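# Structural description and commentary
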Amino acid sequence: AQSVTQLGSHVSVSEGALVLLRCNYSSSVPPYLFWYVQYPNQGLQLLLKYTSAATLVKGINGFEAEFKKSETSFHLTKPSAHMSDAAEYFCALEQGAQKLVFGQGTRLTINP
Amino acid sequence: DSGVTQTPKHLITATGQRVTLRCSPRSGDLSVYWYQQSLDQGLQFLIQYYNGEERAKGNILERFSAQQFPDLHSELNLSSLELGDSALYFCASSVGLGAHTGELFFGEGSRLTVL
């Protein structure tokens with residue numbers, strides 16, 4: 001079965017520090033992978049997506065993710081954290097052509 | 001603003017009752033998805049409709065049902081409610097059939113509390 005696992009339900013970094021949110025996937029077919037962000041009291045918003053075109057994917061708000069097939073990983077990074085990045089982040093994998101399977105989410109806290 | 005509208009935003013009801021959640025997709029989007037978000041289960045896919053037809057089913061209970069109407073809005077009906085049904089229910093829409101054909105646009109959710 002296809003699945004995603006996010007390592008760390010909570011991540012805390014200082015403002016200006018590197019953000020690294022980890023996601024590993026399990027898939028028997030080439031995966032389509034996504035990162036979504038959920039700000040408090042809002043719905044999910046797409047940050048970026050991997051659809052096999054390039055292994056390094058750039059998204060909105062300075063985030064990027066690298067697809068590593070050998071490690072079955074799709075970690076999300078941002079060089080310098082801003083206070084506005086505080087949110088919950090979800091890694092997702094497309095299961096078939098119909099639906100997204102989400103990880104459990106990682107809550108990112110930014111310390112001033 | 002994603003363009004997806006969900007009503008009501010909050011709903012409190014009692015066990016055994018029935019509720020209907022409504023979703024209006026973005027203009028032009030033909031696919032509607034329903035997700036349930038709870039603390040213990042995370043984000044779970046419930047069901048998808050495309051242009052009025054059911055296209056995919058996930059972990060949707062038999063007490064739950066959904067439909068998509070000719071004007072493309074969708075309703076999720078939850079009946080015989082139990083305490084464990086308390087959750088945030090999201091609707092999302094997309095242009096096509098699959099997520100990789102475009103991103104999903106999520107509404108702000110309907111928070112259901114069953115007492």
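About the thresholds
Residues numbered from 1 in each chain as written. Chains lettered and ligands numbered in written order. Predicted model: local features only at pLDDT ≥ 70, side-chain atom pairs only at ≥ 80, totals over all residues. Heavy atoms only, no water. Core = buried A, V, L, I, M, F, W, Y, C linked by side-chain atoms within 4.5 Å. Buried < 20%, exposed > 50% of the residue type's maximum accessible area, 1.4 Å probe, protein only. Helix = DSSP H or I, 4+ residues; strand = E, 2+ residues; numbered from the N terminus. Contact = heavy atoms within 4.5 Å. Pairing = 2+ DSSP bridges. Axes fitted to C-alpha atoms, helices over the stretch in contact; angles between N-to-C directions.

Now for the nonpolar core. Counting residues in each nonpolar core, the largest one holds 27 residues, and the members touching the most others are Trp 35, Leu 48, Leu 76 and Tyr 89 of chain A. Counting residues per element, the ones that place at least two in this core are strand S2 (10-14), strand S3 (19-26), strand S4 (33-38), strand S5 (44-50), strand S7 (64-68), strand S8 (73-78), strand S9 (87-95) and strand S11 (106-111) of chain A. Among the nonpolar cores identified, the runner-up in size contains 21 residues, and Cys 23, Ile 60, Ala 87 and Phe 105 of chain B belong to it.

Of note, His 75 of chain A is situated in strand S8. Residue contacts for His 75 of chain A: discarding those within four places in its chain leaves Leu 20, Leu 21, Arg 22, Cys 23, Asn 24, Trp 35, Glu 64, Ala 65 and Glu 66 of chain A.

Below, the discussion takes up the pairing of S9 of chain A. All names here are of chain A. With 8 of 9 residues buried, S9 is to be regarded as a mostly interior element. Examined bridge by bridge, S4 and S9 share 6 bridges and lie antiparallel to one another. Residue pairing for S9: Val 37 is matched across the bridge by Tyr 89. Bridge count between S9 and S11: 3 bridges; the pairing is antiparallel.

On to the sheet that holds strand S7 (residues 64-68) of chain B, then. Residue and element names in this part refer to chain B. Strand order in the open sheet formed by 4 strands is S1-S3-S8-S7, and the pairing between neighbours is antiparallel. Strand pairing shows two members of the sheet lacking a second neighbour, strand S1 (5-7) and S7, which therefore form its edges. The sheet shows a mean angle of 15 degrees between the axes of neighbouring strands, taken without regard to direction. Here S1 runs beside strand S3 (residues 19-24); their pairing, made up of 3 bridges, is antiparallel.

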